[in-house]
Amino acid sequence: MKKRWIIASTILFAAAVAVVGIWFFNNRKKTEKAPEYVLMYAENQSANYPTTLGGEKFADLVYERTNGRIKIQIKYGAELGSEAEAINQMKYGGIAFARVSVSQLAEKIPEMNVLLLPYLYDDSAHMWRVLEGEIGDEFLKKTENYNLVGLSWYDAGARNFYSADKPITSVEDCAGMNIRVQESAIMADMISALGANPIKVVYSDVYSALEQGIVDAAENNWPSYESMNHYKVAKYYTIDEHVRVPEMQICSEYVWNMFSDSDKEIITECAKESAQYERKLWIQREERSKKKAIDSGTQVTTLSPEEKKKFRDAMSDVYVKYCGDEMDLINKIIDY
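Starting from 1, residues in each chain are numbered consecutively following that chain's sequence as written. Local features in this predicted model are restricted to residues of pLDDT 70 or higher, and side-chain atom pairs are both shown and tallied only at a pLDDT of 80 or more, whereas totals for entire chains, interfaces and linings draw on every residue. Computation of side-chain values covers all heavy atoms of the structure but excludes hydrogens and water.

Before going further, it helps to spend a moment on the overall build of the chain. A helix here means a DSSP run of H or I that spans at least four residues, while a strand means a run of E at least two residues long, and both kinds are numbered starting from the N terminus. Looking only at helices and strands, one finds 15 helices and 11 strands in the chain. Only C-alpha atoms enter the radius of gyration, while the globule expectation follows 2.2 Å times N to the 0.38, with N the number of residues. The globule rule puts the C-alpha radius of gyration for 336 residues at 20 Å, and the 25 Å found for the chain is more than 25% above it. Its C-alpha atoms give the chain principal-axis dimensions of about 95 × 50 × 30 Å. Among the 336 residues that make up the chain, the fraction classed as buried is 47%. Using a 1.4 Å probe on the protein chains alone, a residue whose accessible area is under 20% of its type maximum counts as buried, one over 50% counts as exposed, and one in between counts as partly exposed.

A word on the sheet that holds strand 10 (residues 247–252). Sheet strands associate in pairs through backbone hydrogen bonding, adopting either a parallel or an antiparallel arrangement. In spatial order, the strands read 2-1-3-10-4; together these five strands make up an open sheet with mixed pairing. On the outer flanks of this sheet lie strand 2 (70–75) and strand 4 (148–154), each paired with one strand and no other. With direction set aside, neighbouring strand axes in the sheet form an average angle of 25 degrees. As paired elements, strand 3 (residues 97–101) and strand 10 share five bridges and run antiparallel to each other. Any two strands between which DSSP finds at least two bridges are classified as paired. With axes taken as lines fitted to C-alpha atoms, and helix axes fitted only over the stretch in contact, angles between N-to-C directions fall between 0 and 180 degrees.

Glancing now at helix 2 (residues 50–65). A rise of 1.5 Å per residue sets the reference length of helix 2, with its 16 residues, at 22 Å; its end C-alpha atoms lie 22 Å apart and thus fit the reference within 8%. Along helix 2, the residues that are buried comprise Pro50, Thr51, Thr52, Gly54, Gly55, Phe58, Ala59, Leu61 and Val62. Lining the buried residues of helix 2 we find strand 1 (37–42), strand 2, strand 3, strand 4, strand 10 and helix 12 (261–295). A helix is expected to reach a length of 1.5 Å times the quantity of its residues less one. The contact criterion used throughout is that any non-hydrogen atoms of two residues lie within 4.5 Å.

Moving on, we get to the layout of surface pockets. Looking at the largest pocket, its volume works out to about 1200 Å³. For the largest pocket, the lining is made up of 39 residues, of which Ser101, Ser103, Gln104, Arg159 and Gln182 are closest to its centre. Elements with a contribution of two residues or more to the lining of the largest pocket: strand 3, helix 4 (102–108), strand 6 (178–181), helix 8 (185–193) and helix 10 (222–227). The greatest single-element share of the lining of the largest pocket, amounting to four residues, is contributed by helix 4. Cavities and pockets were defined on a 1 Å grid built from protein atoms only: a cavity is a group of points that admits a 1.4 Å probe but offers it no way out, a pocket is an open group of points flanked by protein on both sides within 12 Å along at least five of seven lines, and a lining residue is one with an atom within 4 Å of any such point. Grid points are joined across faces, edges and corners, and a volume is the space filled by probe spheres set on the points. Within this model, the second largest pocket holds a volume of roughly 270 Å³.

On to the packing of aromatic side chains, then. Ring pairs are drawn from Phe, Tyr and Trp, using the six-membered ring of Trp, whenever the two centres fall within 6.5 Å, and their geometry is named by plane angle: stacked under 30 degrees, edge-to-face over 60, tilted for the rest. Overall, the coordinates contain 12 aromatic pairs when judged by the stated rule. For the pair tyrosine 41 and phenylalanine 58, a centre-to-centre distance of 6.0 Å together with 50 degrees between the ring planes defines the contact as tilted. Taken together, the residues span a long stretch of sequence, with tyrosine 41 in strand 1 and phenylalanine 58 in helix 2 at a distance of 17 residues. Summarising the aromatic geometry, the rings of phenylalanine 58 and phenylalanine 97 are spaced 5.4 Å apart at their centres and angled 75 degrees between planes, so their arrangement reads as edge-to-face. With phenylalanine 58 in helix 2 and phenylalanine 97 in strand 3, this pair connects stretches of sequence that are 39 residues apart. By relative accessible area, phenylalanine 58 is classed as buried at 0%. Each member of the aromatic cluster is reached from another via a ring pair, and the members are Tyr162, Trp222, Tyr225, Tyr231 and Tyr237. The rule is short: NZ of Lys or CZ of Arg within 6 Å of the ring centre and within 35 degrees of the ring normal puts a charge over the ring. A cation over a ring is seen here: lysine 57 above tyrosine 277, with NZ or CZ 5.2 Å from the ring centre. The lysine or arginine in question, lysine 142, covers the ring of phenylalanine 139, its NZ or CZ lying 5.3 Å from the ring centre.

Another point: the pattern of salt bridges. Salt-bridge detection follows one rule: a side-chain nitrogen of Lys or Arg within 4 Å of a carboxyl oxygen of Asp or Glu. Per the counting criterion, the structure on display carries 17 salt bridges. Between glutamate 241 and arginine 244 there is a salt bridge, with its nearest N and O atoms 2.9 Å apart. Each member of the pair, glutamate 241 as well as arginine 244, is classed as buried. Here glutamate 307 ties to lysine 310 by a salt bridge, and the two come within 3.6 Å at their closest N and O atoms. Taken together, the residues glutamate 307 and lysine 310, both in helix 13 (residues 305–313) and three residues apart, mark about one turn of the helix. Three or more residues are tied together by salt bridges with common partners; here these are Glu43, Glu83, Arg99 and Glu247.

In structure tokens, the structure reads:
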């Protein structure tokens with residue numbers, strides 16, 4: 001009899017819990033408000049890449065601080081198209097937000113070319129002094145004439161040389177080398193200015209080009225060098241930091257004008273906070289890639305400030321060709 005009573009009590013308790021659960025679920029559905037805005041954010045990197053995770057952080061902060069009124073959905077892996085395609089769609093509000101490389105923005109906003117110049121910064125700290133100061137703010141504002149709103153700066157590290165047969169320790173070492181470059185006129189001219197031959201090879205073919213001796217060297221950041229296994233065929237890595245091309249979080253001006261002033265302030269604050277988060281992730285990712293490559297036999301050469309100056313001095317014609325009218329600004333950045 002006692003056993004039956006226990007079983008009956010258990011069934012009644014379970015039924016009561018189920019009823020309460022159903023009531024809570026239905027009541028929540030009735031009281032929860034749907035977001036006022038559901039907006040798309042374009043990201044061309046993979047799910048676990050630092051910039052993607054930074055975008056997720058941005059979306060979470062905006063959702064939280066607007067009490068769920070603004071929901072941003074991160075579409076990574078180029079689901080919404082390439083960076084260039086995303087920028088074009090943003091002009092008409094087809095995409096609300098995106099994280100894009102300044103190199104892509106420069107295709108639409110020529111004034112951005114200054115930030116692509118090789119050997120512009122001494123190091124990472126120098127670049128962030130520039131971007132987080134008045135100069136960086138002015139570059140964010142340059143997007144306004146192109147139906148975009150610049151929100152914050154993301155990190156993408158520094159690009160360095162790596163070679164198969166010998167280390168690059170000086171400008172003289174570059175003479176006559178065949179060095180792979182991306183599809184970029186300014187990068188090709190940089191290689192030529194160092195006395196080397198720029199060879200255009202698609203990114204996916206760089207490994208085989210190094211392995212087969214089609215190119216003697218290539219250049220990229222630590223995560224790319226490691227993740228694409230280039231360290232297996234080019235064990236000499238030279239830290240010269242010839243290019244630091246930052247990323248920018250942007251918003252469609254069409255969408256931006258739909259927000260209230262208070263929402264604009266929240267979105268801007270969240271973008272800047274997410275940028276700090278993304279930079280920490282980038283440093284961690286960079287360190288992991290660097291350690292893996294070195295543990296696998298990569299030999300690292302770090303250029304001295306004096307030697308690095310020689311590389312920068314070799315860029316004088318490149319600076320004039322691409323940004324001759326901006327030499328005052330360039331010198332201000334160099335001395336910042």
